[in-house]
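Topology and contacts: notes
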Amino acid sequence: LAVLFNLEVTLIQRIFFDTDLASGSERLTYLEISKNMMFAYPFGMGLGHFTLNMQDFVIQKMSPWILQPVHNVYMLIGNEAGLIAALVFLFVIIYVFFLLLGASKNAVRENDRHLAITLIALLTSFSVAALFDHYFFTLYQGQVVLFLLFGCAASLLRSSRLPRKKS
């Protein structure tokens, strides 16, 4: 996709040269705010309240156009829904990962094995992308992708556990 949309120069600059220092420093600022917020509100502050309360956790007030959620889904869930919810979310991802891993090893049909491996790759990609972006939690389209992934995994796991009838 990077080559298709002529983004290889931008990608190489961001990875190797890090010319966009403002983006990196803003992300570190958001992570610091998130960490302080988590200590202040271990049971969460309510869904959608991260940007409303982040001014309380900075020394110098930020401009309104700079306010955005922390770019880490796990930290954002911990801030808004609480540490218990973040741990449950992490447990669900890890549990589904290991169930898919078992389904890929024990699959009877080759299609099920390929689907399980594909879902493992997608879940791993989601888990890594969630460390750097908040879109899977804050945007409707991201939530649809996340629950579509969970739904496909549940469908595969359900069909692989049902007894097969010989016809």
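Heads up: these notes are all about the structure in this document. (Residues numbered from 1 in each chain as written. Predicted model: local features only at pLDDT ≥ 70, side-chain atom pairs only at ≥ 80, totals over all residues. Heavy atoms only, no water.)

This paragraph deals with the overall build of the protein. Tallying secondary structure elements over the protein gives eight helices and zero strands in all. When its helices and strands are written in sequence order, the protein yields α-α-α-α-α-α-α-α. Burial statistics for the protein: of 167 residues in total, 30% are counted as buried. Restricting the contact set of the protein to residue pairs at least 6 apart, pairs at least 24 apart contribute 61%. Accessible surface for the protein amounts to roughly 11400 Å². Of this, 68% is attributable to carbon and sulfur atoms. (Helix = DSSP H or I, 4+ residues; strand = E, 2+ residues; numbered from the N terminus. Buried < 20%, exposed > 50% of the residue type's maximum accessible area, 1.4 Å probe, protein only. Contact = heavy atoms within 4.5 Å. Areas by Shrake-Rupley, 256 points an atom, 1.4 Å probe, with all protein chains shown as cover.)

What follows covers the packing of aromatic side chains. Taken as a whole and judged by the stated rule, the model has seven aromatic pairs. A centroid spacing of 6.4 Å and a plane angle of 80° characterise the contact between Phe89 and Phe126, whose relative ring orientation is edge-to-face. With Phe89 in helix H5 (residues 83–106) and Phe126 in helix H6 (residues 110–129), this pair connects stretches of sequence that are 37 residues apart. The same class applies to Phe89 as to Phe126, namely buried. The interplanar angle of 80° and the centroid separation of 5.5 Å between the aromatic rings of Phe97 and Phe98 together place this pair among those described as edge-to-face. With relative accessibility at 26%, the residue Phe97 sits in the partly exposed group. (Phe/Tyr/Trp six-rings, centres within 6.5 Å; stacked < 30°, edge-to-face > 60°.)

As far as function goes, none of this settles anything; it's purely spatial.
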